[in-house]
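Listed below, chain by chain, are the residues.
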Amino acid sequence: MSATLLRTSALRAGIRASAAKPMAGMASTSFVRGKATLPDLPYDYGALEPHISGQIMELHHAKHHQTYVNGVNAAIEAIGDAQAKGDAQAAAKQAPLLNFHGGGHINHSLFWENLAPNGKGGGGEPTGKLLTAINEDFGSFDNLKKQTNAALAGIQGSGWAWLVKDKTSGTLGLVTRMGQDPVSGNLEPLMGIDAWEHAYYLQYQNRKAEYFGAIWEVINWGNVAKRFEK
Amino acid sequence: MSVGTYYLPALPYAYNALEPSISAQIMELHHSKHHQTYVTNLNNALKSYSTASSSNDIPQQIALQQAIKFNGGGHINHSLFWENLTPASSPDAKTDSAPTLVAAIDKTWGSVDSFKATFNKALLGIQGSGWGWLVKDAQGLRIVTTKDQDPVVSGEVPIFGVDMWEHAYYLQYLNGKAAYVENIWNVINWKTAEKRYKGSAQDAFSVLKASL
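Calculation notes
Residues numbered from 1 in each chain as written. Chains lettered and ligands numbered in written order. Predicted model: local features only at pLDDT ≥ 70, side-chain atom pairs only at ≥ 80, totals over all residues. Heavy atoms only, no water. Helix = DSSP H or I, 4+ residues; strand = E, 2+ residues; numbered from the N terminus. Buried < 20%, exposed > 50% of the residue type's maximum accessible area, 1.4 Å probe, protein only. Contact = heavy atoms within 4.5 Å. Areas by Shrake-Rupley, 256 points an atom, 1.4 Å probe, with all protein chains shown as cover. UniProt positions renumbered as here; feature names shortened; annotations may be inferred. Salt bridge = Lys/Arg side-chain N within 4 Å of Asp/Glu carboxyl O. Phe/Tyr/Trp six-rings, centres within 6.5 Å; stacked < 30°, edge-to-face > 60°. Lys NZ or Arg CZ within 6 Å of the ring centre and 35° of its normal. Buried area = accessible area lost by both parts, 1.4 Å probe. Polar contact = N/O pair within 3.5 Å; in protein donor to acceptor, adjacent residues only side chain to side chain. Pairing = 2+ DSSP bridges.

1. Structural notes on the overall build of chain A
Here's step 1: For chain A, the count of helices and strands is nine helices and five strands.
Here's step 2: From first element to last, N terminus to C terminus, chain A shows the α and β order α-β-β-α-α-α-α-α-β-β-β-α-α-α.
Here's step 3: Looking at the 230 residues of chain A, the share that counts as buried comes to 53%.
Here's step 4: Taking as baseline every contact in chain A between residues at least 6 positions apart, the subset at least 24 positions apart corresponds to 68%.
Here's step 5: Accessible surface, chain A: about 9,900 Å² in total, of which carbon and sulfur atoms supply 52%.

Structural data, given as structure tokens:
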């Protein structure tokens, strides 16, 4: 399902050495010359405090996201090598790694952009067309928050919750994804919240509900609205 | 129908007894918070299941199965895990305490070192939350990984498990999970492993007692 598109486009990026085009619909995900690269954070590591600690942000970006970048590049290279040898089996073996690391790269790239320091683009409430759509599809902004927090709390293991837009109907919805499965197919990811333990454990430990409560103080609604109206 | 209430088993050692391999802070949160949450949510799910069952509410019974699997799995996995760890200073932490099991490991993987290397690779290959287990089945010894809290309950005997959820190591090892995987070997309880190897799956699960 959702992984198919990713595989295909990441595969293409890997095969064409000159492919500098970002993956469809993933404008913020950097792939240069078919290589994934770690995007710069649009704010300092400490800028989301006290809601997300500087230590978490630094490890999350510099270590975890970097590992996904390395992993997706390794998978793409291995697929290229396998293809050069006509070894379909070896190429297929990389598919789960491509989905996992490629998904990790995509998800984190979207996540950094849909966060912002509180009072400097982060927190507050959505406005304009996005707010109208939220009111229509969730009843109210408060309901959206409640439903998102319930979805996040219900994730059994590592995963993400996403506010998404159905590309056909334009309606908003809420989905969760396990591991690093990216949102794709007919759903446009508008805002993601990382529910992996590494996203909050150093600061919130087992009290993940507190993290889910605090993250709303740093949601970049301007960025979410831009994705919505695209 | 009355249902049993599961409870958090006491750790067979102090929270700080596995240091420096696993910090006391991790052990305390892991046991008193995470494991407790699985126990609490398992009991809640079983109670709801019992109500649904006595009112012949099959949709509700089906709806509750995932909560039972996840929280029951969490309770089973952690109960087995605590028992298959021991302070590094204990004689039980030496492979000498598992002569029969070690002979079987040698036969399967060539040596304990080569087994450890294979096990570590399996642990580090887990994508997301999960566990790695050494199990015994009709064919012999095997390494399996399970996602999230899926328990090993299909007839295999769990010999020992290693928790690869980030909460099991993150406060101490951060993103350096390879170091956690390396150090866990210092605190594996080979005596428990030997006992489980010689016993049945039922014997291994006997630690899971419910109070009625």
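2. Section: the UniProt feature "domain: Manganese/iron superoxide dismutase N-terminal" (unreviewed entry) in chain B
Here's step 1: With numbering matched to this structure, UniProt assigns "domain: Manganese/iron superoxide dismutase N-terminal" (unreviewed entry) to residues 5-85 of chain B.
Here's step 2: Annotated as residues 5-85 of chain B, this span is 69% helix and 2% strand, and its ends, taken at the C-alpha atoms, are 25 Å apart.

3. A look at the pattern of salt bridges
Here's step 1: Applying the stated criterion across every chain yields a total of 10 salt bridges over all chains.
Here's step 2: Put simply, Lys167 of chain A and Glu188 of chain A hold a salt bridge, and the shortest N to O gap is 3.9 Å. In this pair, Lys167 of chain A sits in the loop between strand S3 (159-166) and strand S4 (172-178) while Glu188 of chain A sits in strand S5 (residues 187-194), placing the two residues 21 residues apart along the sequence.
Here's step 3: Look at Lys167 of chain A and you get partly exposed, because its relative accessible area is 45%.
Here's step 4: Residue Arg207 of chain A is joined to Glu210 of chain A by a salt bridge in which the shortest nitrogen-to-oxygen separation is 3.2 Å.
Here's step 5: Under the relative-accessibility criterion, Glu210 of chain A is labelled partly exposed at 44%.
Here's step 6: Through salt bridges with shared partners, a single ionic network connects Lys69, Lys147, Asp148 and Asp150 of chain B.

4. A few points about the packing of aromatic side chains
Two numbers describe a pair of aromatic rings. These are the distance of the centres and the angle of the planes.
All names here are of chain B.
Here's step 1: Counted by the stated rule, this structure contains 29 aromatic pairs over all chains.
Here's step 2: Where Phe115 meets Phe119, the ring centres are 5.6 Å apart and the plane angle is 55 degrees; that geometry is what we call tilted. Here Phe115 and its partner Phe119 are both found in helix H5 (residues 112-124), four residues apart, which amounts to about one turn of the helix.
Here's step 3: Consider the rings of Phe119 and Trp185, whose centres lie 5.5 Å apart with planes at 75 degrees: the pair is edge-to-face. Here Trp185 lies in the loop between helix H7 (177-183) and helix H8 (190-198) and Phe119 lies in helix H5, a separation of 66 residues in the sequence.
Here's step 4: Chaining the aromatic ring pairs together yields one cluster made of Trp109, Phe115, Phe119, Phe160, Trp185 and Trp190.
Here's step 5: Cation over ring: Lys136 sits above Tyr197, and NZ or CZ is 5.3 Å from the ring centre.

5. Here's the deal with the interface of chain A and chain B
Here's step 1: Of the residues lining the interface, 18 residues belong to chain A; the matching set on chain B comes to 17 residues.
Here's step 2: Surface buried jointly by chain A and chain B totals about 1,700 Å² across both partners, of which 58% is contributed by carbon and sulfur atoms.
Here's step 3: Taken as a group, Gln156, Glu197 and Tyr201 of chain A account for 36% of the area that chain A buries against chain B, more than any other trio of residues on that side.
Here's step 4: Remark: the boundary between chain A and chain B carries zero salt bridges.
Here's step 5: On inspection of chain A and its partner chain B, the count reaches seven residue pairs in polar contact (both at pLDDT 80 or more).
Here's step 6: Of all the elements in the fold, those that place two or more residues in the side of chain A that touches chain B are helix H2 (54-84), helix H4 (95-113) and helix H7 (201-204) of chain A.
Here's step 7: It is H2 of chain A that contributes the most residues to the side of chain A that touches chain B, four residues altogether.

6. Description of the pairing of strand S2 (residues 130-137) of chain B
Residues and elements named next belong to chain B.
Here's step 1: Among the eight residues in S2, seven count as buried, and that is most of the element.
Here's step 2: Alignment of S2 against strand S3 (residues 140-147), held across eight bridges, turns out to be antiparallel. Counterpart to Lys136 in the pairing with S3 is Leu141.
Here's step 3: Between S2 and the antiparallel strand that follows it, S3, lie two residues.
Here's step 4: Of the strand pairs in this sheet, S2 and strand S4 (residues 157-163) are connected by six bridges, and their pairing is antiparallel.

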